[in-house]
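Here are the chains, one letter per residue:
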Amino acid sequence: KQWYQRRVRGESKQQQSGEAPPQEPAESSQEPTSPEDNPLYYPGSGLWSGLSALSVTGTQYLNAGLDKLEEVSNKAYEALNDQTTEDTPKTKQRARDSTKGPNLMTVLQEARQKYEQQEKISAETRLTMSYLFDEKQGLSQLEALEMLSKECVLKMKNNPSEGNTLFLYIETSLELKSGDSEIIIEHLGAAVTDCLKTLKIDLPISKINQCRYEIAQQLAEMDMTTLDETAKPSDTKKTVLLSTSLTSVASFTARSVELFKKIAEMSLLKSTLDVDMKTQADTIKFLNEVLCCEIDNIREQFEQKTESKEDVDRLYLETSNAISYLQETLYFFVPILKWIVVKTSKS
């Protein structure tokens, strides 16, 4: 308050004496000639201002692009949802119509029909020796034996040895002949074991014995049940009997082919010819005939259980195919035995 009174008294004295009050220096109206003259300037302020302007410009372009993309997407979505009928506007969103396009019920029905059709086809296919033989892994064993045979053929080309008298004997001995007499075997296991001893090959025959035992069990069950007429329809009985018969034949054939494949592998591993080659060829041919006769014996045992001539003919045909698979092993053994002769003659 005292300071304010002193200031008022001073101003009154200046007015009485006629002196003008001191004027404050006026701010310069001129703009700074350089950025350094601007009191708000600091180093790098120009760079940051340029980046800020660039960022704003980029954001504007990005927003414009997104807007355009959204517009195009909306038009595409509307075009996809257009109705094909004339009584509805094209911009109306398509409603889900159960009559247009497949629904779940239709898909399931079609899948069921397709499955039933495949089941009918597969049911007929399963009653063929080719299918059953492959299912019992017989085809894979036969292909493995074929690969061994082809390898021996290639080795023979790289090591030619023509004019060998044993080659002709091998080809003649393993040749299939239509007039081969049937062999009567009292005990299958003993006959197979004797052949392996002659070849000096130590291999178990448990699979063949087990397969033959299971077939005997099935035949015994058929004798006990005699497929009661009232238990099942006649068509079902015939199908079961035929299926059991063909499965048994295919299983025994597959185990027999597997045995020949193992004999070939063991023979190729030998470095010396410990058994005369003529004896080997004759023994392999005899073993093949023994197993083929056993397959035919299995067929006859199952034929006695059926009264349908159609099933008898079908079983005979499929059994003949099974015997053909087993006899084919002799064809693959010819190059194998020839290569054994060449290999052992060099050692």
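Residues numbered from 1 in each chain as written. Predicted model: local features only at pLDDT ≥ 70, side-chain atom pairs only at ≥ 80, totals over all residues. Heavy atoms only, no water.

Draft legend 1. Just the packing of aromatic side chains, in detail. Under the definition given, this model contains 3 aromatic pairs. When the ring of Phe133 is compared with that of Tyr325, the centres are 4.4 Å apart and the planes differ by 5 degrees; the resulting orientation is stacked. Residue Phe133 is found in helix α4 (residues 129–135), and its partner Tyr325 is found in helix α11 (residues 309–346); the two are separated by 192 residues along the sequence. Arranged with centres 6.1 Å apart and planes meeting at 80 degrees, the rings of Phe260 and Phe333 form a pair that is edge-to-face. In this pair, Phe260 is assigned in helix α9 (residues 234–269) and Phe333 in helix α11, connecting sequence segments 73 residues apart. (Phe/Tyr/Trp six-rings, centres within 6.5 Å; stacked < 30°, edge-to-face > 60°. Helix = DSSP H or I, 4+ residues; strand = E, 2+ residues; numbered from the N terminus.)

Draft legend 2. Geometry of the pattern of salt bridges. Counted according to the given criterion, the structure contains 14 salt bridges. With its nearest N and O atoms 3.5 Å apart, the salt bridge here joins Lys150 to Glu146. Of this pair, Lys150 and Glu146 both sit in helix α5 (residues 138–158), 4 residues apart, which is roughly one turn of that helix. Connected through shared salt-bridge partners, Lys207, Arg255, Glu258 and Lys262 make up one network. (Salt bridge = Lys/Arg side-chain N within 4 Å of Asp/Glu carboxyl O.)

Draft legend 3. View of the nonpolar core. Counting 63 residues, the largest nonpolar core has Phe252, Ile263, Leu291, Phe333 and Leu337 as the members making the most contacts within it. Elements supplying a minimum of two residues to this core: α4, α5, α6 (165–173), α7 (188–199), α8 (206–225), α9, α10 (277–303) and α11. At 14 residues, the largest contribution of residues to this core is made by α11. (Core = buried A, V, L, I, M, F, W, Y, C linked by side-chain atoms within 4.5 Å. Buried < 20%, exposed > 50% of the residue type's maximum accessible area, 1.4 Å probe, protein only.)

Draft legend 4. Looking closely at the packing of α7 against α10. Relative orientation of the contacting elements α7 and α10 amounts to 165 degrees, with a least axis distance of 10 Å. By the angle class used here, α7 and α10 are roughly antiparallel. Remark: the crossing between α7 and α10 carries left-handed chirality. Only Thr279, Gln280, Thr283, Ile284, Phe286, Leu287, Val290, Leu291 and Glu294 of α10 make contact with α7, whose side of the interface consists of Leu188, Ala191, Val192, Cys195, Thr198 and Leu199. Taken together, the residues that form the contact of α7 with α10 break down as 10 nonpolar, 4 polar and 1 charged. (Axes fitted to C-alpha atoms, helices over the stretch in contact; angles between N-to-C directions. Parallel < 35°, antiparallel > 145°, perpendicular 65-115°, else oblique. Left-handed = near helix turned anticlockwise from the far one by under 90°. Contact = heavy atoms within 4.5 Å. Nonpolar A, V, L, I, M, F, W, Y, C, P; charged D, E, K, R; others polar.)

Draft legend 5. Examining unusual backbone geometry more closely. Its identity is not glycine, yet Gln137 carries a phi of approximately 65 degrees, on the positive side. Looking at the secondary structure, you find Gln137 in the loop between α4 and α5.

Draft legend 6. Representation of α10. A rise of 1.5 Å per residue sets the reference length of α10, with its 27 residues, at 39 Å; its end C-alpha atoms lie 39 Å apart and thus fit the reference within 8%. Between a side-chain oxygen at the N-terminus of α10 and the backbone nitrogen of Lys278 the separation is 3.1 Å; the capping residue is Asp276. (Expected span 1.5 Å × (residues − 1). Polar contact = N/O pair within 3.5 Å; in protein donor to acceptor, adjacent residues only side chain to side chain.)

Draft legend 7. Region of the structure containing the environment of Ser251. Along the polypeptide, Ser251 turns up in helix α9. For Ser251, a relative accessible area of 14% gives the class buried. Taking C-alpha positions, Ser251 is 8.8 Å from Glu135, a pair spaced 116 residues apart along the chain. Non-local contacts of Ser251, meaning those with residues more than four positions away in its chain, are made with Lys136 and Cys211.

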